[in-house]
Amino acid sequence: TMYTRVAKKMNAVTQKKYQSHWGSKRHALHVYRLMKNLMEDHCIEEKVIQTNPLLAEEMGRSVFRAFAENWHVMERPGYDTDEFREAVDLYADVLEAARPLLSAKQVEEIV
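In this text, all values refer to a predicted model and were calculated from it rather than measured experimentally.

## Regarding the environment of Arg99
Stage number 1. As for its placement among the helices and strands, Arg99 is situated in the loop between α5 (81-98) and α6 (104-110).
Stage number 2. For the pair formed by Arg99 and Glu86, sequence separation is 13 residues and the distance between their alpha carbons is 20 Å.

Structural data, given as structure tokens:
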């Protein structure tokens, strides 16, 4: 699932390739890029956002839930935040498409 992929990438910080000075800077970029790509590929390009906005919202929420729940493992989260900003923007697009179909309770859960 998308949640699992993000969680695994975040926990990969212990891998040897992320242990050097420069490698540790690249970890955040790889996590943020994965998040952006999952949102782009599965929610936008596969047109899930148009055919089933509620499913797209659920998929996007799982990406950001994994990020929030595994935040504690990030060692240098401040690098290459443009990728993260793009992932957030894509999730905003998904939320905008799903908004008319969401109940007040669902909106409250998201916020």
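And the narrative resumes.
## Remarks on helix α2 (residues 21-45)
Stage number 1. With 25 residues, α2 should reach 36 Å at 1.5 Å per residue; the first-to-last C-alpha distance of 35 Å fits that figure.
Stage number 2. Following α2 by one or two positions, Lys47 adopts a phi angle in the positive range, close to 65°.

## Looking at the side chain of Lys36
Stage number 1. Inspection of the secondary structure assignment puts Lys36 in helix α2.
Stage number 2. Each residue touching Lys36, except ones within four places of it in the same chain, is listed here: Glu83, Glu86, Ala87 and Leu90.

## Observations concerning the packing of aromatic side chains
For any pair of aromatic rings, the description rests on two quantities: the centre-to-centre distance and the angle between the ring planes.
Stage number 1. Scanning all chains against the criterion turns up six aromatic pairs.
Stage number 2. Considering the side-chain rings of Tyr32 and Phe84, the 5.3 Å spacing of their centres and the 55° angle between planes classify their relative orientation as tilted. Placement of the pair is Tyr32 in helix α2 and Phe84 in helix α5, with a sequence separation of 52 residues.
Stage number 3. Through successive ring pairs, a cluster of aromatic residues spans Tyr32, Phe64, Phe67, Trp71, Phe84 and Tyr91.

What counts and how
- Residues numbered from 1 in each chain as written.
- Predicted model: local features only at pLDDT ≥ 70, side-chain atom pairs only at ≥ 80, totals over all residues.
- Heavy atoms only, no water.
- Helix = DSSP H or I, 4+ residues; strand = E, 2+ residues; numbered from the N terminus.
- Expected span 1.5 Å × (residues − 1).
- Contact = heavy atoms within 4.5 Å.
- Phe/Tyr/Trp six-rings, centres within 6.5 Å; stacked < 30°, edge-to-face > 60°.

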